[in-house]
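Residues per chain, in single letters:
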Amino acid sequence: MKGADFNKEILNKRILPNENIVSWRVIDNQIIFFHKKERSFYELNKTGSFIWKKLNDKAQTKNIVDLISSNYDVDRDTAEKDTLEFIKDLLKKKIFIAR
C-alpha cells in the first residue's frame, strides 16, 4: 500500500516504539534512544520528541497532527505531511511498529 492510502491507514493506526529494536529515555524533555541493532544513540529535536511521546502515549496519528498544527503554529496540511514523513521513517527503520 502506498501514497494516499498508506497515509490514511497510518492516520488511523496506533504507532508504538519497537522495544525489540530501541531503548529510550526522556532527558531534558527530549527523546534519546539507542538503536540496538545499529548500536547507535540518537537524539530527537523538540518536534520529533513531541511526536514520539504522543505515539508512546498511544495517541492516534491524526490527533498528533492536530496537536502539532495548533501547538507549533503550522497549517494542518504541512503538519500532516511532516508528521507522516517522520513516522514513515520510524516504521521503515522498524523503530516503531503499527498496530
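Quick caveat: nothing in here was measured; it's all calculated off a predicted structure.

### Some details on the pattern of salt bridges
Applying the stated criterion across every chain yields a total of four salt bridges. Here lysine 81 and aspartate 82 are joined by a salt bridge, their closest N and O atoms 3.4 Å apart. Here lysine 93 makes a salt bridge to aspartate 89, at a shortest N to O gap of 3.3 Å. Since its relative accessible area comes to 44%, lysine 93 is described here as partly exposed. By relative accessible area, which is 33% here, aspartate 89 ends up partly exposed. Via salt bridges that share partners, Asp66, Arg76 and Glu80 belong to a single interconnected network.

### Re the nonpolar core
The tendency in soluble globular proteins is for nonpolar side chains to be buried as a group. Ranked by internal contacts, the top residues of the largest apolar core, which has 24 residues, are Phe33, Trp52 and Phe96. Elements supplying a minimum of two residues to this core: α1 (3-11), β2 (22-27), β3 (30-35), α2 (46-56), α3 (61-71) and α4 (76-92). With residues up to four places along the chain from it excluded, the contact list for phenylalanine 96 reads Ile15, Leu16, Pro17, Asn18, Trp52, Leu55, Leu90 and Leu91.

### Describing the sheet that holds β3
Across the sheet, which stays open at both edges, the three strands sit in the order β2-β3-β4 with antiparallel pairing between neighbours. Each end of this open sheet is capped by a strand with a single partner; those strands are β2 and β4 (40-43). The mean inter-strand angle of the sheet, taken between neighbouring strand axes irrespective of direction, is 20 degrees. Sheet analysis places β2 next to β3, joined by six bridges and oriented antiparallel. Bridging across to β3, serine 23 finds its partner in phenylalanine 34. Packed on one face of the sheet, α2 meets β2 and β3 and runs near 75 degrees to β3.

### Quick notes on the environment of glutamate 43
With respect to the secondary-structure elements, glutamate 43 resides in strand β4. By relative accessible area, glutamate 43 is classed as exposed at 55%. Through-space distance from the C-alpha of glutamate 43 to that of arginine 25 is 9.9 Å; in sequence the pair is 18 residues apart. Discounting residues that sit within four places of it in the chain, glutamate 43 has contacts with Gln30, Ile31 and Ile32.

Rules used throughout
Residues numbered from 1 in each chain as written. Predicted model: local features only at pLDDT ≥ 70, side-chain atom pairs only at ≥ 80, totals over all residues. Heavy atoms only, no water. Salt bridge = Lys/Arg side-chain N within 4 Å of Asp/Glu carboxyl O. Buried < 20%, exposed > 50% of the residue type's maximum accessible area, 1.4 Å probe, protein only. Core = buried A, V, L, I, M, F, W, Y, C linked by side-chain atoms within 4.5 Å. Helix = DSSP H or I, 4+ residues; strand = E, 2+ residues; numbered from the N terminus. Contact = heavy atoms within 4.5 Å. Pairing = 2+ DSSP bridges. Axes fitted to C-alpha atoms, helices over the stretch in contact; angles between N-to-C directions.

Any functional reading would require information that these geometric values do not contain.
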